[in-house]
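One-letter residues, chain by chain:
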Amino acid sequence: MIIKSFGATKNVTGSCHLLIDEKDDSSVMVDFGLFQEREFEERNYRLDFNPKGIDYLILTHAHIDHCGRIPFLIKNGFKGRILCTKPTYQLAKVLLLDTGKIISENYKYELKKSLRRNEEKPRLLYNESDVLDSFDYFDPFLEYGKPYELKNGFVVEAHDAGHILGSSFVKIKKNGKSAIFSGDLGNKEKPIVRNFEYPGEADIIYTETTYGDRNHRSFKESKEEFLAVIKETFKNNGNVLIPSYATERAQDILYILREFYEQGLLPKCRVFLDSPLALNVTNIFIQNFSYFKEDNIPLFKKGDPFNFPYLNIVKDVEESKNINKVSERAIIIAGSGMLHGGRILHHLKHNIWKKENAVVFVGYQAKGTLGRKIVAKEKKVDILGENFEVNAQIYTINGFSSHADQNELIEWITALRFKPEKVCLVHGDEDVMGVYKSKLEERGFSVYIPDYTEKINL
Ligand SMILES: [Zn+2]
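Before going into details, it helps to say that this report is about the structure given with it.

## Regarding the layout of surface pockets
Taken as a whole, the second largest pocket encloses approximately 220 Å³ of empty space. Surrounding the second largest pocket, 13 residues form its lining, Arg-214, Tyr-364, Gln-365, Arg-372 and Val-375 being those nearest its centre. Counting only elements with at least two residues in the lining of the second largest pocket, the list comes to helix 11 (370-375) and helix 13 (430-442). Its residues placed into classes, the lining of the second largest pocket shows four nonpolar, four polar and five charged. Both domain 1 (2-214 + 402-457) and domain 2 (219-400) contribute no fewer than three residues apiece to the lining of the second largest pocket.

As structure tokens, then:
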């Protein structure tokens with residue numbers, strides 16, 4: 001058997017690994033994500049394999065860097081089935097529709113521009129109709145811990161990865177050989193989703209390494225830091241902006257703010273959830289509370305743990321614009337999380353140049369994104385075609401990350417019953433992988449960092 005990786009090799013996004021049994025040409029692919037780093041965007045249009053020849057696609061979780069190219073795969077002839085857990089399917093549907101809409105809008109804008117300038121037409125990765133077509137290919141029946149024998153002889157087993165609602169790491173076996181693909185592993189201290197399960201055993205492991213070079217601050221300290229930022233900003237008569245992913249992070253933030261409110265810690269303010277997408281996702285969370293940490297279940301049974309009196313749900317664009325009239329004591333949660341687009345950009349335009357305001361980053365910022373530039377303390381940035389000085393206070397709270405940190409990644413992999421033949425590092429920046437590699441080698445693992453399209457024997 002062989003494994004080839006077509007994404008998240010020496011970079012974070014675009015996850016895709018293909019397992020092929022060369023004897024009968026049967027295959028299983030794990031994830032087919034969108035590349036989000038600017039320098040790798042071109043790879044989104046590449047298919048370095050025949051999509052018609054892939055039997056199954058296993059989806060570890062619904063984040064776009066793991067599922068965001070599925071409509072493109074189908075558009076190009078994939079005829080297999082896509083297997084995942086039920087919540088992953090529900091979340092992937094709303095996230096893919098949102099992505100399809102953004103891609104279509106960008107395409108129309110670029111097309112107009114190219115016609116005006118008499119330049120080459122842009123390419124369209126996929127549109128909303130391709131997204132709708134892709135839903136017919138999903139079989140959302142994977143359940144944690146239950147092995148499934150596929151028609152091509154591979155056996156697939158999903159386990160809770162503790163990353164976001166419905167997330168899995170998967171073990172895939174055939175002919176006495178086995179591989180585990182970690183997907184994204186979760187931060188154990190987070191409040192809602194359960195902790196990751198341990199990997200058991202396999203001949204080869206593909207593990208994510210997003211935070212392989214560092215440890216997060218504890219969740220308790222991160223909450224204290226967050227509350228201190230809110231209080232300080234309100235003392236200075238400013239607003240707090242939180243660019244947030246719609247999935248998991250927005251819910252975590254609401255959950256924490258509700259706790260602050262109930263504990264009497266949250267100063268009187270207005271909290272705006274300005275993301276229709278995050279609202280849809282929150283509803284999917286409420287429907288699937290059986291997936292959450294045991295002590296959360298009574299809370300979900302009682303009501304909506306993401307709601308509290310200071311919260312305003314913003315639905316239409318007019319309401320969103322009205323938030324700009326609020327000059328102080330507002331907490332604005334909006335997407336996109338890395339500032340690729342979305343309503344957060346309008347709020348940034350109105351707030352980033354004023355020193356009394358705060359922008360709080362609560363998630364990973366990929367290279368080349370506006371979010372990364374602001375986090376890297378660039379003094380001037382372009383927002384929606386205009387140049388702005390960054391005078392607002394910039395904070396990064398990594399402890400709210402949905403990713404395991406270095407200690408947790410090590411805890412997960414050292415729980416293996418036997419040392420695998422090889423550990424392949426994926427889903428991380430190259431320098432981070434280097435740090436994590438030496439940590440694993442110190443512990444006696446044989447570690448390898450595969451390249452894009454490189455063939456690994458199993
Ligand atoms: Zn993820």
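## Overview of the coordination of the zinc ion
Within the protein, His-61 (NE2), His-63 (ND1), His-163 (NE2) and Asp-184 (OD) serve as the donor atoms for the zinc ion, at 2.2 to 2.3 Å. Its four donor atoms give the zinc ion angles of 90 to 164 degrees at the centre, a pattern that matches the irregular case. Going along the chain, you hit the donors of the zinc ion in the pattern H-x1-H-x99-H-x20-D. Of this pair, His-63 sits in the loop between strand 4 (56-58) and helix 1 (64-67) while His-163 sits in the loop between strand 8 (155-160) and strand 9 (168-174), and the two are 100 residues apart along the sequence. Grouping residues by exposure puts His-63 and His-163 together as buried.

## Digging into the nonpolar core
Of all hydrophobic cores here, the largest spans 78 residues; its most connected members are Phe-226, Leu-257 and Ile-331. Each of domain 1 (2-214 + 402-457) and domain 2 (219-400) contributes no fewer than three residues to this core. Look past the residues within four positions of Phe-226 in its chain and what remains in contact with it is Ile-242, Ile-253, Ile-256, Leu-257, Phe-260, Val-360, Ile-397 and Phe-400. One finds Met-1, Tyr-56, Leu-83 and Leu-150 within the second-largest nonpolar core, a separate group that totals 24 residues.

Analysis parameters
Residues numbered from 1 in each chain as written. Predicted model: local features only at pLDDT ≥ 70, side-chain atom pairs only at ≥ 80, totals over all residues. Heavy atoms only, no water. 1 Å grid on protein atoms, 1.4 Å probe; cavity = no way out; pocket = protein on both sides within 12 Å on 5 of 7 lines; lining within 4 Å. Points joined across faces, edges and corners; volume = space filled by probe spheres on them. Helix = DSSP H or I, 4+ residues; strand = E, 2+ residues; numbered from the N terminus. Nonpolar A, V, L, I, M, F, W, Y, C, P; charged D, E, K, R; others polar. Domains from an automatic or database assignment. Donors = N, O, S within 2.8 Å, 3.2 Å for Na, K, Ca; no water. Tetrahedral: all angles 85-135°; square planar, octahedral: opposite > 155°, others 65-115°. Buried < 20%, exposed > 50% of the residue type's maximum accessible area, 1.4 Å probe, protein only. Core = buried A, V, L, I, M, F, W, Y, C linked by side-chain atoms within 4.5 Å. Contact = heavy atoms within 4.5 Å.

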